[in-house]
Amino acid sequence: MDALARSLAATGLPHPLLVEAARRAVTAAPPGSTAAMAEAEAERWRRTLLQPVINATGVLLHTNLGRAPLAHHQPATATNLELDLSTGERGSRHAHAATLMARACGAEAGLVVNNGAAAVLLVLAALARHRGVVVSRGELVEIGGGFRVPEVMAESGARLVEVGTTNRTRRADYERAVGDPAADVALVMKVHQSNFRIEGFTEGVAVDGLRGLGPPVVADLGSGLVDGACPWLAGGPPPWLRGEPAARQTLAAGADLVIFSGDKLLGGPQAGIVVGRADLVDTCARHPLARALRSGGLVLASLQDVALAYLDRRAGGLPFWRMAAAPLDGLRQRAERLAAGAVGWAVRDTAAVPGGGTLPGVEIPSAGLAAPGDHVAALRAHHPPVIARVADGRTVCDLRTVDPDDDPTLAAALAALPTP
Ligand SMILES: *Cc1c(COP(=O)(O)O)cnc(C)c1O
């Protein structure tokens, strides 16, 4: 067993995992194929490790592929995570990334937790436990991965006060709920219909239509677009972003708090960001759940870099915005270069999508390569794995989501396939 395990050392896996692979092979392999099965078992282990893959799906924020791509390098040193360097006293981990994110959104204060779902849970628990939260029936959404607004509300201890109907909700519906003493309304919440659209006979109340109701207005934007004017993009907002709510404009329209994810349209690490009125943010930060849901120093350092990029108008250089804004001509040229070296693959115009449960139905003009047949599994077996998709009987590699630096790797993966 030990000898068999040692024969697999080239995989780079730790010895105990190789012993496990060897043991499986010895007990399960038919005679004569023990070594081959042990190798396959070791390879199976290796493929479970978290590792870089090439996203050729054309889905920019692919939840299975870690949403927004981002690099972060950090030396192994102590940091001032919770130390105020001016006073020498205990500081707050919200003083760095969260405060900078608030500034980037034009807000007084900010708070960062593990993800968007955690941020919603914390805000509800801290500001509305045992009290009512008014939400339009058209916004009682399921985001995916088990995030359902009514269930998160129940977990937080807040009581859902539904108003309006699935397709139509008016200001008067909110006024009636807020004016009902029995409802004991602590918050009015807007939830962005991130992943679906209701069309036809519809009516809703935008954030500016909720001013003056009384209770604070909280907007769960989900997607994390910082500013609808996209001042970090030379050409301004791309047409496919039209209609997407942004943190800065939602605050300006009167929201008291805005909640969004770090790894969607922000292009940052997984995080849940709450920005807005300082007194409300402070109440959230002091709630015991804030301790349980907080982010670690690695994430906060990475998010600080992202916040600084937005404040400096350098956010167009973030990997997410680079791929989102890449001109179509450049993608076509890359596709032509790759097709020239890949027998059976042809240049093809494609439609990339934002993904991550944002902007449903929105397509971003893109380009890539296509070949007849289904080569998805073979591309996934490449080192590093290439994740492609099949459409109309053809395998498609969309270049909008592939970093240009990865083109040679993609070329090698295509060249390694049997000629399509
Ligand atoms: C994505 C999303 C969430 C959940 O955010 P995560 O960071 O994925 O936890 C919550 N609300 C809305 C509206 C969303 O779009």
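Scoring rules and cut-offs
- Residues numbered from 1 in each chain as written.
- Predicted model: local features only at pLDDT ≥ 70, side-chain atom pairs only at ≥ 80, totals over all residues.
- Heavy atoms only, no water.
- Pairing = 2+ DSSP bridges.
- Helix = DSSP H or I, 4+ residues; strand = E, 2+ residues; numbered from the N terminus.
- Core = buried A, V, L, I, M, F, W, Y, C linked by side-chain atoms within 4.5 Å.
- Buried < 20%, exposed > 50% of the residue type's maximum accessible area, 1.4 Å probe, protein only.
- Domains from an automatic or database assignment.
- Contact = heavy atoms within 4.5 Å.
- Axes fitted to C-alpha atoms, helices over the stretch in contact; angles between N-to-C directions.
- Polar contact = N/O pair within 3.5 Å; in protein donor to acceptor, adjacent residues only side chain to side chain.
- Parallel < 35°, antiparallel > 145°, perpendicular 65-115°, else oblique.
- Nonpolar A, V, L, I, M, F, W, Y, C, P; charged D, E, K, R; others polar.
- Left-handed = near helix turned anticlockwise from the far one by under 90°.

Draft legend 1. Summary view of the pairing of strand β12 (residues 346–355). Pairing geometry for strand β2 (residues 59–61) and β12, over two bridges, is parallel. Counted as the bridge partner of Leu61 is Gly355 from β12. One ladder, built from seven bridges, connects β12 with strand β13 (residues 364–372); its direction is antiparallel. Bridging from a neighbouring strand, Val347 pairs with Leu369 of β13.

Draft legend 2. The arrangement of the nonpolar core in detail. Of all hydrophobic cores here, the largest spans 62 residues; its most connected members are Phe260, Tyr310 and Trp321. Inspection of this core shows a minimum of three residues originating in each of domain 2 (54–68 + 321–415) and domain 3 (97–317). Once you skip the residues sitting within four places of it in the chain, Tyr310 turns out to touch Ala104, Val226, Trp232, Leu265, Leu266, Ala315, Leu318 and Trp321. One finds Ala109, Ala118, Ile259 and Leu280 within the second-largest nonpolar core, a separate group that totals 34 residues.

Draft legend 3. Local environment of the sheet that holds β13. Across the sheet, which stays open at both edges, the five strands sit in the order β2-β12-β13-β16-β15 with mixed pairing between neighbours. At either end of the open sheet lies a strand with only one pairing partner, and these are β2 and β15 (389–391). Ignoring strand direction, the axes of neighbouring strands in this sheet form an average angle of 45 degrees. Here β13 pairs with strand β16 (residues 394–398) via five bridges, running antiparallel.

Draft legend 4. Examining the side chain of Ser366 more closely. Along the chain, Ser366 turns up in strand β13. A polar contact of 2.5 Å, which involves the side chain of Ser366, links it to the side chain of Asp398. With residues near it in sequence (within four places) discarded, Ser366 still touches Leu328, Leu331, Asp349, Thr350, Ala352, Asp398 and Arg400.

Draft legend 5. Spatial organisation of the environment of Arg291. Among the secondary structure elements, Arg291 is positioned in helix α10 (residues 288–293). The spatial distance from the C-alpha of Arg291 to the C-alpha of Thr401 is 36 Å, given a sequence separation of 110 residues.

Draft legend 6. Expanded view of the packing of helix α5 (residues 116–128) against helix α9 (residues 278–286). For the pair α5 and α9, the least separation of the axes is 9 Å and the interaxial angle reads 100 degrees. In this view, α5 runs roughly perpendicular relative to α9, as classed from their interaxial angle. Along the contact surface, α5 presents Leu122, Val123, Ala126 and Leu127, while α9 presents Leu280, Thr283 and Cys284. Each residue belonging to the contact of α5 with α9 can be placed in one class, and the counts come to six nonpolar, one polar and no charged.

Draft legend 7. Looking closely at the sheet that holds strand β10 (residues 257–261). Spatially, seven strands are ordered β3-β11-β10-β9-β8-β4-β7 in an open sheet, and the strand pairing comes out mixed. Of all strands in the sheet, those bounded by a partner on one side alone are β3 (109–113) and β7 (159–163). The mean inter-strand angle of the sheet, taken between neighbouring strand axes irrespective of direction, is 25 degrees. The pairing of strand β8 (residues 185–191) with strand β9 (residues 217–222) spans four bridges and is parallel. Across the sheet, the residue bridging to Lys190 is Ala219, located in β9. Each of β4 (132–136), β7 and β8 touches helix α6 (residues 149–156); the most contacted strand, β7, lies at about 145 degrees to it.

Draft legend 8. Fine view of the packing of helix α2 (residues 15–28) against helix α3 (residues 34–48). Axis separation between α2 and α3 bottoms out at 8 Å; the angle between their running directions is 140 degrees. Between α2 and α3, the angle is such that the two are oblique. α2 and α3 meet at a crossing whose hand is right-handed. Mapping the contact onto sequence places Leu17, Leu18, Glu20, Ala21, Ala22, Arg24, Ala25, Val26 and Ala28 in α2 and Thr34, Met37, Ala38, Glu41, Ala42, Arg44 and Trp45 in α3. Within the contact of α2 with α3, the residues separate by chemical class into eleven nonpolar, one polar and four charged.

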